[in-house]
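# Structural features, examined
So you can see what is in the structure, the chains are spelled out below.
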Amino acid sequence: MEAALRPSNPAATPVGNPAAAGATAAAARATAVRPADPDSRVVTPVAPSGAPLQRGIRWDTSLQGDVARAQQALDYLQRVASQLEALKADLSAKIAGRRDPARQIEARAQQLSSALAARSKQGGGGIDAQLDFRSAEPARTRFRIRGFDVATLQDGGQQTYAFSVGSAGGPNLTATIEPGMTPEEIAGRLNRTLMPVKVQVLLDSEQQLVFSAPESEWVGIKDAIAISGRGRVDTAEEPPVIAPEEWNIGNPDALRESLREVMQALARVRRSQDAASAALSAAMARTAQPAIPEAELQAITGDFAATAASHDYQSLLAITSALVGVSRDRVQALLGLR
């Protein structure tokens, strides 16, 4: 009977000695629960999983650039579209004689001119002077080379042309144009030849050659293109799709011409909006990631909390530097991509 009532571990539970019992219980509590050490950076252990935890979120900088470019383009195009719609209404009213908003038209034209002048800064870098949006690359400047067109190349027999592009001379690139080549074949051969110097060649709606170069490099290219047998050639940059500063609304014909330009520009803006929306949707679809396991989220937050609670200067400096400029709007925008 006494054996049955005797504790299995007398040292662990002293009987008849309250002081010893209290000391033992305190020691047990101290062993079971350790005080938090803010400098230890100890994270609560998580259950092992089949795959190692990845402490962090992977960011695709190229993908984020595509998202930002499309978002900025949409914002800019929406502003331009609103201004064009207002101009369209005012011009139509003046032509129809319903009212005479001449001063309002001039003010709106100046506002539109300012918006177009800020295109390269406010449009995300993907909208060119023709208000076309490019999702895969920065905006390009379109130009033509005087005297170097499809008809001239087709009538010249077999010729080999060597090109030099760029302020530093650039590499010599050659293209052979053979008799019987179609405009599409000529444009394709020239495009392949000039691709190494970032010059593209396409055909317009009238089957004429249109060259283009990155907008950011156009200044160093436009006066530095040479072709064998011709020397330095003259380039003509395509005018912007709309130029409100050149409008003359003093007579009905000028008003109709201005209205026609506004409607054409508005149609192009609508197409660019559709292209930017499609690019944004595609980019956001690429951001879709599998859900982060709960264990991994707990580990990430635990690491962050332990680091934030520490007194280590380098750790605190890294956290505060990373959070500089992070506003509520930016956090909500990033969460919206998930």
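Position numbers for residues start from 1 in each chain and track the written sequence from start to end. Per-residue local features are limited, in this predicted model, to residues with pLDDT of at least 70; the limit for side-chain atom pairs, both in listing and counting, is 80 or more; totals at the level of whole chains, interfaces and linings are taken over all residues. Note that water and hydrogens are dropped before the side-chain values are worked out from all heavy atoms of the structure.

## Some details on the overall build of the protein chain
- Helix and strand counts for the protein chain come out as 12 helices and eight strands.
- Burial status across the protein chain gives 31% buried among its 338 residues.
- Residues are treated as being in contact if the distance between any of their heavy atoms lies within 4.5 Å. Long-range pairs, those at least 24 residues apart, make up 64% of the contacts in the protein chain with a sequence separation of at least 6.
- When the accessible surface of the protein chain is summed, it comes to about 20,600 Å², and 54% of that surface belongs to carbon and sulfur atoms. Under the DSSP-based scheme used, a helix requires at least four consecutive residues in state H or I and a strand at least two consecutive residues in state E, with every element numbered from the N terminus. Burial status follows relative accessibility: with a 1.4 Å probe on protein chains alone, a residue under 20% of its type maximum counts as buried, one over 50% as exposed, and anything between as partly exposed. Every accessible area reported is derived by Shrake-Rupley at a probe size of 1.4 Å, with residue values counting cover from the shown protein chains alone.

## A short note on the layout of surface pockets
- Roughly 470 Å³ of internal volume is contained in the second largest pocket.
- Here the term cavity refers to a set of points on a 1 Å grid, laid over the protein atoms alone, in which a 1.4 Å probe fits but cannot get out; the term pocket refers to an open set having protein on both sides within 12 Å along at least five of seven lines, with lining residues being those that place an atom within 4 Å of a point. The wall of the second largest pocket is formed by 26 residues, among which Q130, R142, E238, P239 and R268 lie closest to the centre.
- Ranked by the residues each element gives to the lining of the second largest pocket, the list is headed by helix α9 (residues 252-286), at five residues.
- For the lining of the second largest pocket, the class distribution of residues is 11 nonpolar, four polar and 11 charged. Grid points are joined across faces, edges and corners, and a volume is the space filled by probe spheres set on the points. Here the nonpolar group is Ala, Val, Leu, Ile, Met, Phe, Trp, Tyr, Cys and Pro; Asp, Glu, Lys and Arg are the charged ones; every other residue, Gly included, is treated as polar.

## Thoughts on unusual backbone geometry
- Its identity is not glycine, yet L131 carries a phi of approximately 65 degrees, on the positive side.
- Mapped onto the secondary structure, L131 falls in the loop between α5 (119-122) and β1 (140-145).
- Note on L131: relative accessible area 1%, which makes it buried.
- Unusually for a residue other than glycine, K198 sits at a positive phi of about 65 degrees.
- The class for K198 is partly exposed, based on a relative accessible area of 45%.

## Focus: empty space enclosed by the protein
- Per the counting criterion, the structure on display carries one cavity of 30 Å³ or more.
- Empty space within the largest cavity amounts to approximately 30 Å³.
- Considering the residues around the largest cavity, the lining is formed by I145, F163, V165, L194, V199, F211 and I225.
- Of the residues contributing to the lining of the largest cavity, the split by class is seven nonpolar, no polar and no charged.

## Notes on the sheet that holds strand β4 (residues 200-203)
- DSSP-based pairing: two strands are paired if at least 2 bridges between them are found. The sheet built from four strands is open, its strands ordered β4-β5-β1-β8 with antiparallel pairing. A single partner strand is all that each edge strand has here, and the edge strands are β4 and β8 (235-237). Averaged over all pairs of adjacent strands, the angle between strand axes in this sheet comes to 40 degrees, irrespective of strand direction.
- Note: β1 against β8, three bridges, orientation antiparallel. Each bridged residue has a counterpart across the sheet, and for F143 the counterpart in β8 is E237.
- For helices, the fitted axis covers only the stretch in contact; all axes are lines through C-alpha atoms, and the angles between them, taken along N-to-C directions, range from 0 to 180 degrees. This element, helix α7 (residues 183-194), spans β4 and β5 (209-214) of the sheet and lies at about 170 degrees to β4.

## A few points about the nonpolar core
- Core analysis: the biggest nonpolar cluster contains 32 residues, and L84 and I242 have the highest contact counts within it.
- Breaking this core down by element, the ones donating at least two residues are α3 (61-96), α4 (102-117) and α9.
- Considering every element that reaches this core, the biggest residue donor is α3, with 11 residues.
- Excluding residues within four positions of it along the chain, L84 makes contact with L112, I242, V262, A265, L266 and V269.
- We define a nonpolar core as any set of buried Ala, Val, Leu, Ile, Met, Phe, Trp, Tyr and Cys residues linked to one another through side-chain atoms lying within 4.5 Å. Core analysis: the second largest hydrophobic core is formed by 27 residues, A187, L190, L194 and V197 among them.

## Quick notes on the packing of aromatic side chains
- Any two rings among Phe, Tyr and Trp, with Trp reduced to its six-membered ring, count as a pair given centres within 6.5 Å; such a pair is stacked if its planes are under 30 degrees apart, edge-to-face if over 60, and tilted if neither. Taken as a whole and assessed by the stated rule, the structure comprises five aromatic pairs.
- Ring geometry for F148 against Y161: centres 5.4 Å apart, planes inclined by 90 degrees, an arrangement best described as edge-to-face. Of the two residues, F148 is situated in the loop between β1 and α6 (150-155) and Y161 in strand β2 (residues 159-165); the sequence distance between them amounts to 13 residues.
- By relative accessible area, F148 is classed as buried at 2%.

## Re the environment of S113
- Looking at where S113 falls in the secondary structure, it is placed in helix α4.
- Sequence-wise, S113 and E245 are 132 residues apart; in three dimensions their C-alpha atoms are separated by 6.6 Å.
- Filtering out sequence-adjacent residues up to four positions away, S113 remains in contact with P244 and E245.

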